[in-house]
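Structural characterization, general
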Amino acid sequence: MNFMNVDYSTKIPNNVNLSEDRQVLKALEGWHPGYMDWWSDMGPEGFQQSLVYLRTAYSVDPRGWAKFDYVKMPEYRWGILLAPQEENRVIPFGENFGKPAWQEVPGEHRATLRRLIVIQGDTEPASVEQQRHLGKTAPSLYDLRNLFQVNVEEGRHLWAMVYLLQKYFGRDGREEADELLRRRSGDADSPRMLGAFNEATPDWLSFFMFTYFTDRDGKMQLHSLAQSGFDPLSRTCRFMLTEEAHHMFVGETGISRVVQRTCEAMKAAGISDPTDIAKVRALGVIDLPTIQKKLHLHYSLSLDLFGSEVSTNAANAFNAGIKGRYKETQIDDDHRLQNSTYPVLKLVNGEVKRVDEPALTALNMRLRDDYTQDCAKGMLRWNKIIQLAGYHFKLTLPNVAFHRQIGEFRDINATPEGVLIDDATWNKRKGEWLPSSADGDFIASLMTPVTEAGTYASWISPPKVGIDNKPGDFEYVKIET
Ligand code: BYC
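A brief structural summary. No experiment lies behind these values; they were computed from the predicted model shown.

What follows deals with the environment of Arg325. If you trace the backbone, Arg325 turns up in the loop between helix H9 (312-320) and strand E3 (341-348). Assessed through its relative accessible area of 3%, Arg325 is described here as buried. As for Arg325 and Met220, which are separated by 105 residues in sequence, their C-alpha atoms are 8.8 Å apart. Among residues more than four places away in sequence, those in contact with Arg325 are Ser224, Gln227, Phe318, Ile331, Asp333, His335, Leu337, Leu363 and Arg366.

The following block contains the structure:
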């Protein structure tokens, strides 16, 4: 079998030779109806009969891997796609550095690997659940299509993790695969595993922030798992990253377009003060201070996804060769980290200070720092738009101590600048920094659907280019109710 191309002859498209792996094929076919039930209960609300202009992977060749066509979402071919196996790949870090990568799960690391795969798998359906109602208020057919593209691909990423569980973890893997369909985002009894995936995504600005900030956590975590000594996990994550890039593009350009529209409207109305919220809102666009509040919220929720700054889980996973660093193979050091340190932000005498910790236990912090740098890059573009429009306003990332629920800063309150404050001050001022219910109501008032091809809601600019180079008036979704 050619591992570059995907076999579409089986019910579950794949490039892992499923037609000759009867046992796993049977397990996956057994899981399929439950997945379809989940998709119909928790996938996008409505639009299931609509034709959506989606890309589907037909190959894992980075030079050309996707085909675009109209598809009804329930007929999307969710498949198992792994990047091609690298010959003689070795474990690139930890105590097993330089040894051949594992093609099977090493017994002593089974529990750790299963846990990481389950956590990764759990986030994928969670995000679809969080976004399921957004189709009803899409600002254009272009955006509606992007939402559905993200949703079907998150569904595929769930399949990717379920394949690993069913192929490599036997009976308990199958049980975990079933549990992934049972938990629900925000459910009181059976919530999703990580905090940010139980939060609401109430409107499209949140959706863009989520795909910018939370999908970017996905990018960092997938990069770390792509380094894994467990080769099937590494290959799986490498292909997932190819799809993930579009999700962050949706977030980055989505926010760019919101900022652009706000600036244009302010300029046209002769508004010189972008913080004059009432005047700006009267124009039917989202004011920059409210965009900043949403940014505070989604960035701080996403920071929590990196776990504690100092973590023995992270150290053990690295030592074992299971989860590496971002771009591990490009780092110039011993890849064992037994004797090195890393500066970690901690609370010292009521102040946020840098303290050197053993590099091994500080791996979550290091990944989080890489993440913050990556976040800052896209923000330069948003600030450029504001600056070019002639406004003195800068969107900024809050301090890492701000609004945290996990790790070093979870029990304290801090301003976005990182100044520690007491509970009373926090309660009095948090509405200045995080979206209030009035902000939410205002944004909700703008969320009316626009379904005419080539037309956009008042609060967002059209994109610069179409998907698959389609013209501006292309009908990305043929709505059928
Ligand atoms: N919420 O040593 P600690 C994506 C738990 S996003 C709740 O501090 P560790 C996507 C932790 O489980 C990427 N619990 O942390 C994006 C542990 O519990 P146990 C998803 C949390 O283990 C958008 C305890 O606290 N992938 O793909 O070093 C759309 C102490 O843990 C949280 C991954 O995350 C939390 N935020 O690091 C779609 C990769 N944080 O076991 C998709 C896999 C920590 O003691 N996961 N805890 O009961 C991991 O690498 C790590 O498990 C974590 C935590 C980074 C999550």
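Moving on, we come to the site of the ligand. Near the ligand you find 29 residues, and of these Gln120, Ser308, Ser311, Lys323 and Asn364 are the closest. Here Gly195 contributes a backbone N or O atom positioned 3.2 Å from a nitrogen atom of the ligand. In the environment of the ligand, an oxygen atom lies 2.9 Å from a nitrogen or oxygen atom belonging to the side chain of Asn364. Here the ligand loses 79% of its free accessible area of 1,100 Å² to cover by the protein chains. Contributions of two or more residues to the shell around the ligand are made by helix H2 (110-130), helix H5 (204-226) and H9. Take the shell around the ligand: its biggest share by element is 7 residues, from H2. Its residues assigned to classes, the shell around the ligand comprises 10 nonpolar, 12 polar and 7 charged.

Moving on, we come to the packing of aromatic side chains. Here the structure, examined in full by the defined rule, presents 32 aromatic pairs. For the ring pair Trp65 and Phe239, a centre distance of 5.6 Å and an interplane angle of 90 degrees mean the geometry is edge-to-face. Linking Trp65 in the loop between strand E1 (51-57) and strand E2 (66-72) with Phe239 in helix H6 (residues 231-268), this pair joins segments that are 174 residues apart in sequence. Residues Trp65 and Phe239 agree in their burial class; the two are buried. Residues Tyr142 and Tyr476 carry aromatic rings whose centres are separated by 5.6 Å and whose planes lie at 75 degrees to one another, so their mutual orientation is edge-to-face. Note that Tyr142 is positioned in helix H3 (residues 141-168) and Tyr476 in the loop between helix H12 (437-446) and strand E7 (477-478), a separation of 334 residues in sequence. For the pair Tyr142 and Tyr476, a shared accessibility class is recorded, and that class is buried. Three or more aromatic residues joined by ring pairs form one cluster here, namely Trp31, Tyr35, Trp38, Trp39, Tyr76, Trp78 and Trp159.

Cut-off values and rules
- Residues numbered from 1 in each chain as written.
- Predicted model: local features only at pLDDT ≥ 70, side-chain atom pairs only at ≥ 80, totals over all residues.
- Heavy atoms only, no water.
- Helix = DSSP H or I, 4+ residues; strand = E, 2+ residues; numbered from the N terminus.
- Buried < 20%, exposed > 50% of the residue type's maximum accessible area, 1.4 Å probe, protein only.
- Contact = heavy atoms within 4.5 Å.
- Near = heavy atom within 4 Å.
- Polar contact = N/O pair within 3.5 Å; in protein donor to acceptor, adjacent residues only side chain to side chain.
- Areas by Shrake-Rupley, 256 points an atom, 1.4 Å probe, with all protein chains shown as cover.
- Nonpolar A, V, L, I, M, F, W, Y, C, P; charged D, E, K, R; others polar.
- Phe/Tyr/Trp six-rings, centres within 6.5 Å; stacked < 30°, edge-to-face > 60°.

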